[in-house]
Amino acid sequence: MASSHPRAWWQSAIVYQIYPVSFFDSNGDGIGDLNGIREKLDYLKDLGVDVLWLSPIYRSPQADMGYDISDYRNIDPQYGTLEDWDNLLKGVHERGMKLMMDLVVNHTSDEHEWFLQSKSSKNDAKRDWYIWRPPKHVDGKRLPPNNWKSVFQGSAWDFDEKTGEYYLHLYVSKQPDLNWDNPVVRDAVWDVMRFWINRGCDGFRMDVINIISKTEGLPDAPLVDATQYYQPASMYFANGPRVHEYIKEMHTEVLSQHDLITVGETPFTHDASELAAYVLPQNKELNMVFHFELMDLDSPDYSPLVKKAWTLAELKDVVRRWQQYKRDEGFWNAVFIENHDHSRSVSRFGNDSKEWRTISAKMLSILEVTQTGTLYIYQGQELGLKNFPRSWGIEEYKDVATQNYWNLIKEQRQTAQSKAEVDMSDLLDNFQQKARDHARTPMQAMDASPHGGFTTGVPWMRANDDYASWNAAVQIGDEDSVHAFWKRAIEVRKRHDVLVYGDFELLVPGHEQVFAYSRALDDARAVVLLNFSERECSVDLGALGELGGGRLVLGNYPVAEGDSGTELMLRGYEGRVYVK
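Everything quoted here is computed from the prediction, not taken from an experiment. (Residues numbered from 1 in each chain as written. Predicted model: local features only at pLDDT ≥ 70, side-chain atom pairs only at ≥ 80, totals over all residues. Heavy atoms only, no water.)

Participant: Tell me about the pairing of strand S19 (residues 537-540), residues and numbers included.
Facilitator: Judged by which residues are buried, S19 turns out to be one-sided: Cys-537 and Val-539 face inward and are buried, whereas Ser-538 and Asp-540, on the alternate face, are not. By the bridge criterion, four bridges tie S19 to strand S21 (residues 567-570) in an arrangement that is antiparallel. Looking at S21, one finds that Cys-537 is bridged to Leu-570. (Buried < 20%, exposed > 50% of the residue type's maximum accessible area, 1.4 Å probe, protein only. Helix = DSSP H or I, 4+ residues; strand = E, 2+ residues; numbered from the N terminus. Pairing = 2+ DSSP bridges.)

Participant: An account of the pattern of salt bridges is needed here, citing residue identities and associated values.
Facilitator: A side chain of one charge can pair with a side chain of the opposite charge if their charged atoms are brought near each other. All told, the structure shown has 40 salt bridges when counted by the stated rule. Where Arg-242 meets Glu-245, a salt bridge forms, and the shortest distance between an N and an O atom there is 2.8 Å. On the basis of relative accessibility, which here comes to 38%, the residue Glu-245 falls in the partly exposed class. In this structure, Asp-429 engages Arg-390 in a salt bridge whose closest nitrogen and oxygen atoms are separated by 2.5 Å. A residue pair is termed long-range when its members are at least 10 positions apart, and Asp-429 in helix H12 (residues 425-434) and Arg-390 in the loop between strand S15 (374-378) and helix H11 (400-417) qualify at 39 residues. If you follow the salt bridges from partner to partner, you end up with Asp-64, Asp-341, Asp-399, Arg-436 and Arg-440 in one network. (Salt bridge = Lys/Arg side-chain N within 4 Å of Asp/Glu carboxyl O.)

Participant: Please provide a residue-by-residue account of the nonpolar core, values included.
Facilitator: Counting residues in hydrophobic clusters, the biggest one holds 143 residues, and the most contacted among them are Tyr-16, Trp-85 and Phe-515. With eight residues, the single largest contributor to this core is helix H5 (residues 183-199). In terms of nonpolar packing, the next biggest core, distinct from the first, is built from 19 residues, Trp-148, Leu-168, Leu-170 and Val-208 among them. (Core = buried A, V, L, I, M, F, W, Y, C linked by side-chain atoms within 4.5 Å.)

Participant: I'd love a proper account of the sheet that holds strand S10 (residues 165-168), names of residues and values included.
Facilitator: Strand order in the open sheet made by the three strands is S6-S10-S9, with antiparallel pairing throughout. One side of each edge strand has no neighbouring strand; the edge strands of this open sheet are strand S6 (132-133) and strand S9 (157-160). Bridge count for S6 against S10 is two bridges, and the pairing is antiparallel. Paired with Trp-132 across the strands is Tyr-167, a residue of S10.

Participant: Talk me through the environment of Glu-355; I want residue IDs and the actual numbers.
Facilitator: Its location among the elements puts Glu-355 in the loop between helix H9 (345-348) and helix H10 (357-369). A relative accessible area of 60% means that Glu-355 is categorised as exposed. As a C-alpha pair, Glu-355 and Lys-90 span 265 residues in sequence and 42 Å in three-dimensional space.

Participant: Any chance you could break down the packing of helix H6 (residues 243-253) against helix H7 (residues 272-279) for me, citing the residues and the numbers?
Facilitator: Closest axis-to-axis distance for the H6/H7 pair is 10 Å, and the angle between their directions is 20°. It follows that H6 is roughly parallel to H7 by the angle criterion. H7 is crossed by H6, and the crossing has right-handed handedness. Counting all contacts with H6, which are made through Val-243, His-244 and Ile-247, the residues of H7 involved are Glu-274, Ala-277 and Tyr-278. Here the contact of H6 with H7 is built from residues that sort into four nonpolar, one polar and one charged. (Axes fitted to C-alpha atoms, helices over the stretch in contact; angles between N-to-C directions. Parallel < 35°, antiparallel > 145°, perpendicular 65-115°, else oblique. Left-handed = near helix turned anticlockwise from the far one by under 90°. Contact = heavy atoms within 4.5 Å. Nonpolar A, V, L, I, M, F, W, Y, C, P; charged D, E, K, R; others polar.)

Participant: Residue-level account of the packing of aromatic side chains, with values.
Facilitator: What the rule picks out here adds up to 37 aromatic pairs. Arranged with centres 4.9 Å apart and planes meeting at 80°, the rings of Tyr-229 and Tyr-230 form a pair that is edge-to-face. Using a relative accessible area of 40% as the deciding quantity, one classes Tyr-229 as partly exposed. Tyr-230 sits in the partly exposed class, given a relative accessible area of 23%. Ring geometry for Phe-388 versus Trp-392: centroids 4.1 Å apart, planes at 15°, classification stacked. As far as burial versus exposure is concerned, Phe-388 and Trp-392 are alike and both buried. Three or more aromatic residues joined by ring pairs make a cluster, and in this case those are Tyr-58, Tyr-72, Trp-85, Trp-114, Trp-129, Phe-195 and Trp-196. Over the aromatic face of Trp-9 sits the side chain of Lys-98, whose NZ or CZ is 4.8 Å from the ring centroid. (Phe/Tyr/Trp six-rings, centres within 6.5 Å; stacked < 30°, edge-to-face > 60°. Lys NZ or Arg CZ within 6 Å of the ring centre and 35° of its normal.)

Participant: Provide a residue-level description of unusual backbone geometry, including the pertinent values.
Facilitator: The backbone phi angle of Gln-62 is positive, close to 65°, even though this residue is not glycine. Here Gln-62 lies in the loop between strand S3 (58-59) and strand S4 (71-75). Located in the positive-phi region is Met-65, a residue other than glycine, with phi close to 55°.

Participant: Residues and numbers for the pairing of strand S12 (residues 261-265), please.
Facilitator: Burial of S12 is extensive: five of the five residues sit out of reach of the surface. Neither face of S12 is exposed, since Ile-261, Val-263 and Glu-265 on one face and Thr-262 and Gly-264 on the opposite face are all buried. Direction of pairing for strand S11 (residues 203-206) relative to S12: parallel, over a ladder of four bridges. When the sheet's bridge partners are listed, Arg-205 is paired in S12 with Val-263. As defined by bridge partners, S12 adjoins strand S13 (residues 288-290) across three bridges and the pair is classed as parallel. Opposite Glu-265, over in S13, you have Phe-290 as the bridge partner. In this region the chain leaves S12, passes through H7 and returns to the parallel neighbour S13; the handedness of that crossover is right-handed. (Right-handed = clockwise from strand over helix to strand, strands pointing away.)

Interpretation note: all reported values are geometric properties and have no functional meaning in isolation.
Encoded structure:
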């Protein structure tokens, strides 16, 4: 049942995520920057974007691509200055768009002044701003306080020789976790948020916000991987005992006083009721969350860097459940299929071969624009950018998660096989499909010049090999391009409220190739048909409900031929949207 709750501006907004280091380099140093983003604002406005979301641009040692922040109130010099940010914001607002920042407050950099003070002495006033514990001793051997594994491999604890204690870092060792149980820490976070809001920021994407509260006592994680001492421990830090208390406090102290867009990143969580607690309006927490059930569809439990086969039936089930979930109570989705932490959607869920890349990228666009929720597009998704080729070696992969997993598996194999040279080709096969690096190559924004026009210098990361033929300059002049299709698809979504707010019903659920569903709002009805295969197929018209009088408002092929009175034929990766 469609929600009767009042509509907010951010519900129908089109949000475009920018990964600044890879978007556009304005000064030739090989690194994307704020002035580069400002130069492309007309491109984004023309596409139909309403909100820009910037991945972290704060001062940082860049141990994890800026998610290790050493100064929340300043811009990293590689991106520019606060004045550059002000000028960017001015350009965004002048074009009727909004700007949201990435709020990373589960952890800081180990070079943040807060942590430098915290580690200086056990008696320092900021000692309990972070999570410190004495070591365990077993058979005379010093061990970390518990067996928690870092998300990026190894122990989640690092030992500080000076004070003789360990600090917790759920990610890399240069990202110590803040102690949110300390009310002074929470007040400091509220102050950071107010700083950016007062400067004109329109909202926040909140990094791993569901892990800010850890289980009391920090107990050992259960043994699930007998090959390692350190074990996955998300059951003790995801959706912890006081997380909702803290986010409600954030809402009271900061969010409720402004008309902002807020989205929380909530990894390690597929349970709908757990996620709903962050979003339902009566709870007064966040507008929406990014959950990862769809993004985890092709990953085994033990690693997101390994490819697992997925089925269309699984994809349908995930989308259906979330599209229908607690609509009457005001639950709101964040709709996305790409971001900086996942490989390219046309390579994962479409078909990136020469024959099918454009068609299947357009089909996935239809999937995105016809779902209820705030729509998020990741840079380059509107061009149908694909994963870089299998021929690239491990040296081209820059992500700490990729490199750490490679080193872990290599070390395990060297030990097991008692030799230095071990076969790692299967890992490169998986990385070519799943590594986060694929989303982070320089944006192919400009032309056929070196590096796709991203920079006049040497790029921080190699541009995908197809930049000369697959870039924005080529596509903008081509009405059959992926870019032109995305632009039309966004226009169709904005014209038809039924696609944003309508009830969702799954049609022909047993069809092995076609994902079909209807949307209904008041007197309007839409039917969406998506063929997830290169094979032509038919759909029984009787199973689609009343299509009479429905107009084809969006399709990725020229006008259909061959439809009969009882059947509708869909060509390879064809997508259609009918609205009545």
